[in-house]
Structure formats: structure tokens, C-alpha cells
Amino acid sequence: MTIDDGGSPQVVVRLDGVRKEYGGEAMALDGVSLEIRAGEAVAVMGPSGCGKSTLLNMVAGLDRPSSGTIEVRGQDLGKLNETGLALFRRHHVGMIFQFFNLIDDLPALDNVALAAQLTGTSAKQARRRALELLDELGIADQKDMYPAALSGGERQRVAVARALMNRPALLLADEPTGALDSRSGEQVMDLLIDLNQIGQTLLMVTHDPKLATRCANRLIEVADGRVARESSLERTA
Ligand SMILES: Nc1ncnc2c1ncn2[C@@H]1O[C@H](COP(=O)(O)OP(=O)(O)OP(=O)(O)O)[C@@H](O)[C@H]1O
Ligand SMILES: [Mg+2]
């Protein structure tokens with residue numbers, strides 16, 4: 001764990017008064033302030049439409065707030081232009097989604113390796129690390145298969161491998177088990193727990209209380225674009 005001068009783990013994410021308006025009647029986010037420290041596993045829960053994905057996308061630098069500031073690893077994302085944001089995202093943030101978002105016409109290995117090639121790693125090195133990761137995640141045998149031929153659980157593990165390629169400070173997950181049967185969902189949960197136990201900071205959005213209680217050590221409940229409650233969780237893994 002990274003320790004700062006104060007002796008407590010480094011702040012990885014800091015949101016201050018974040019608002020997001022899409023032009024509709026209600027604010028998608030209406031003044032969210034929060035901090036996430038290195039090594040934490042934080043679950044965000046709340047009703048459909050309350051702003052969870054909006055929050056995650058802004059932490060990922062995929063979208064910008066209407067007002068307020070977002071810092072990731074001390075970098076104010078508002079100070080980066082589009083190119084800067086894209087570079088920042090590639091180097092420091094990994095993201096997994098409910099529907100995997102893999103590239104259909106690339107085999108598993110290339111889906112994973114591409115993430116590192118985009119940061120300037122040679123194809124050979126990228127493929128070597130991709131293979132290591134697929135191996136660690138138990139899907140090395142599927143390396144040459146295209147996403148369509150993989151099960152949902154396998155696809156999500158490929159997506160996790162891709163997200164980890166550049167050793168991100170922060171792993172973001174939006175409903176990572178939402179499209180999986182319960183067995184595959186459990187495997188992905190175990191994977192997230194293992195990753196957090198070796199120090200990976202996690203921020204995940206879920207509707208599944210089991211995912212939150214198994215994988216997270218802090219819960220942030222969002223309602224109507226605001227943080228309604230924060231609590232620590234005893235992991236029940
Ligand atoms: N690109 C967009 N354009 C316009 N409105 C949007 C956009 N994205 C989200 N919204 C609106 O912002 C609000 C929050 O949406 P968001 O997707 O963050 O909710 P959510 O909590 O992730 O919901 P769910 O649990 O259904 O995934 C909703 O009212 C939604 O309609
Ligand atoms: Mg959502």
C-alpha cells in the first residue's frame with residue numbers, strides 16, 4: 001500500500017462538488033464529493049438512473065462534469081484536453097463493463113495486448129504480458145478465440161486482463177456481473193477480491209448486494225445524483 005506523509009493511504013480519487021447536467025430536468029449528479037484511497041474497494045449502489053454510470057464515466061475521464069473537480073492520482077482531469085484525457089485514461093485507469101466491450105474481430109490475446117500497444121509498448125512485449133495475464137486469470141487456453149466463441153465469464157475475464165494491462169492505479173467496473181450467470185458472476189467476484197487483496201484499488205457500480213458485500217470494503221449509496229449514505233462493509237467472502 002502506498003503511504004503518504006500523513007501515514008494514511010494515498011488518495012487515488014477525489015471528487016469535489018461534482019455536478020452533471022445533460023440538459024434534462026434533473027441533474028444526473030447534483031454535488032458529489034468523495035474520496036477513495038489506495039487499496040480500497042468501493043461499491044456504488046442506488047436506483048436505476050441515480051447517476052452511478054455518470055459518476056464512473058467521469059472518474060474514467062470519458063465524460064466531463066458541468067461543474068466541480070475530479071482528481072485522479074492528484075491530476076485534475078479538468079485541466080487536461082481531450083488528448084491528455086485519453087492518455088491519462090490509458091495509463092492510469094482500467095475499466096470493465098457489463099457487456100465486456102471487447103473488439104469482436106480480434107482474438108482474446110490481441111484484445112488484451114492492444115491496451116499496452118496503445119501506450120507505446122512493443123507488440124512483442126504487449127503480447128507477452130497479455131499472455132501472462134490470461135494465464136493468471138485462467139483463460140490462456142482461450143487466447144486465440146474470438147469473443148463470440150467465449151462464454152460470458154470468459155469474456156469478462158478477457159476484459160479484466162485488458163483493464164489490467166497497463167497496471168492501472170484504479171480499476172473501475174460498471175455492473176461487472178450484470179450480464180453473467182451466477183457461477184461466472186462468482187468467478188468474476190473472486191477475481192476482483194483477489195485483485196484488491198494484492199492492492200488493486202477498485203471502484204465498482206452494482207445492483208447486486210452480494211457483489212458489494214463480497215468484494216467491497218466500503219459502500220457509497222447514491223440517490224437522485226447525491227451521496228445518500230456511506231458505510232464501511234465487513235467483507236463476507
Ligand atoms: N448521455 C446522456 N445524455 C442524456 N442523459 C443522460 C446521459 N447519460 C445519462 N443520462 C441521464 O442521467 C441520469 C443518470 O444516468 P446514469 O446512467 O448515470 O444512471 P445509473 O445510475 O447508471 O442507472 P442504471 O442503474 O440504470 O445503469 C439518468 O436520468 C439518465 O437518463
Ligand atoms: Mg448505469
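See the structure printed just above.
What counts, and at which threshold
- Residues numbered from 1 in each chain as written.
- Chains lettered and ligands numbered in written order.
- Predicted model: local features only at pLDDT ≥ 70, side-chain atom pairs only at ≥ 80, totals over all residues.
- Heavy atoms only, no water.
- Core = buried A, V, L, I, M, F, W, Y, C linked by side-chain atoms within 4.5 Å.
- Buried < 20%, exposed > 50% of the residue type's maximum accessible area, 1.4 Å probe, protein only.
- Helix = DSSP H or I, 4+ residues; strand = E, 2+ residues; numbered from the N terminus.
- Contact = heavy atoms within 4.5 Å.
- Axes fitted to C-alpha atoms, helices over the stretch in contact; angles between N-to-C directions.
- Parallel < 35°, antiparallel > 145°, perpendicular 65-115°, else oblique.
- Left-handed = near helix turned anticlockwise from the far one by under 90°.
- Nonpolar A, V, L, I, M, F, W, Y, C, P; charged D, E, K, R; others polar.
- Pairing = 2+ DSSP bridges.
- Near = heavy atom within 4 Å.
- Polar contact = N/O pair within 3.5 Å; in protein donor to acceptor, adjacent residues only side chain to side chain.
- Areas by Shrake-Rupley, 256 points an atom, 1.4 Å probe, with all protein chains shown as cover.
- Disulfide = S-S within 2.5 Å.

*Asks:* Please clarify how the nonpolar core should be interpreted in this entry.
*Replies:* Nonpolar side chains tend toward joint burial in soluble globular proteins. Formed by 43 residues in total, the largest nonpolar core has its most connected members in Val158, Met165, Leu192 and Met204. Taken together, the elements giving at least two residues each to this core come down to strand E3 (41–45), helix H3 (108–117), helix H4 (123–136), helix H5 (152–164), strand E7 (170–174), helix H6 (182–197), strand E8 (201–205) and helix H7 (209–215). Not counting residues up to four positions away in its chain, the partners in contact with Leu192 are Ile96, Leu171, Pro176, Leu202, Met204, Leu211 and Cys215.

*Asks:* Before we go on, may I ask you to explain the packing of H4 against H5 in this structure?
*Replies:* Helix-helix packing is described using two parameters, namely the angle between the two axes and the distance between the axes. H5 packs onto H4 with a crossing angle of 135° between their chain directions and a minimal axis gap of 9 Å. Taken together, the axes of H4 and H5 are oblique relative to one another. As for the relative orientation of H4 and H5, their crossing is right-handed in sense. Here Arg129, Leu133 and Leu134 of H4 lie close against H5, whose contacting residues are Val158, Ala161 and Leu164. By residue class, the composition of the contact of H4 with H5 is five nonpolar, no polar and one charged.

*Asks:* Could you clarify how one ought to interpret the sheet that holds strand E5 (residues 75–76) in this entry?
*Replies:* Backbone-to-backbone hydrogen bonds pair the strands of a sheet. The strands run either parallel or antiparallel. Read across the sheet, four strands follow the order E2-E1-E4-E5 without closing on themselves; strand pairing throughout is antiparallel. If you trace the sheet from one side to the other, it starts and ends with strand E2 (29–37) and E5, each paired once. Two strands pair when backbone bridges link them, and strand E1 (residues 11–20) and strand E4 (residues 67–72) are joined in this way by five bridges, in the antiparallel orientation. Counted as the bridge partner of Arg14 is Glu71 from E4. With respect to the sheet, helix H1 (residues 52–59) is in contact with E1, E2 and E4, its orientation differing from that of E1 by roughly 125°.

*Asks:* Just to check I follow, could you spell out the site of ligand 1 for this structure?
*Replies:* Around ligand 1, the neighbouring residues are Tyr22, Ala28, Pro47, Ser48, Gly49, Cys50, Gly51, Lys52, Ser53, Thr54 and His207. One of the backbone nitrogen or oxygen atoms of Gly51 is found 3.1 Å away from an oxygen atom of ligand 1. Side-chain polar atom of Ser53 to an oxygen atom of ligand 1: 2.9 Å apart, as the coordinates give it. Considering ligand 1 on its own, with 630 Å² of exposed area, one finds that the protein chains cover 54% of that surface. When its residues are assigned to classes, the shell around ligand 1 shows four nonpolar, six polar and one charged.

*Asks:* Help me understand the state of the cysteines, please; the structure alone is not making it clear to me.
*Replies:* Here is the idea: a disulfide is a covalent bond, and it sits between the sulfur atoms of two cysteines. Enumeration according to the criterion identifies zero disulfides in this entry. Cys50 takes part in no disulfide bond, and the closest cysteine sulfur, belonging to Cys215, lies 19 Å away.

*Asks:* I tried to follow helix H2 (residues 82–92) on my own but got confused; where do I start?
*Replies:* Residues separated by three or four positions in an α-helix point in the same direction, a consequence of the helix having 3.6 residues per turn. Within H2, burial applies to Gly84, Leu85, Ala86 and Phe88. Looking at the buried positions of H2, the neighbouring elements they touch are E4, E5 and strand E6 (93–96). Two or three places before Thr83, at the opening of H2, Asn81 has a side-chain oxygen 3.2 Å from that residue's backbone nitrogen.

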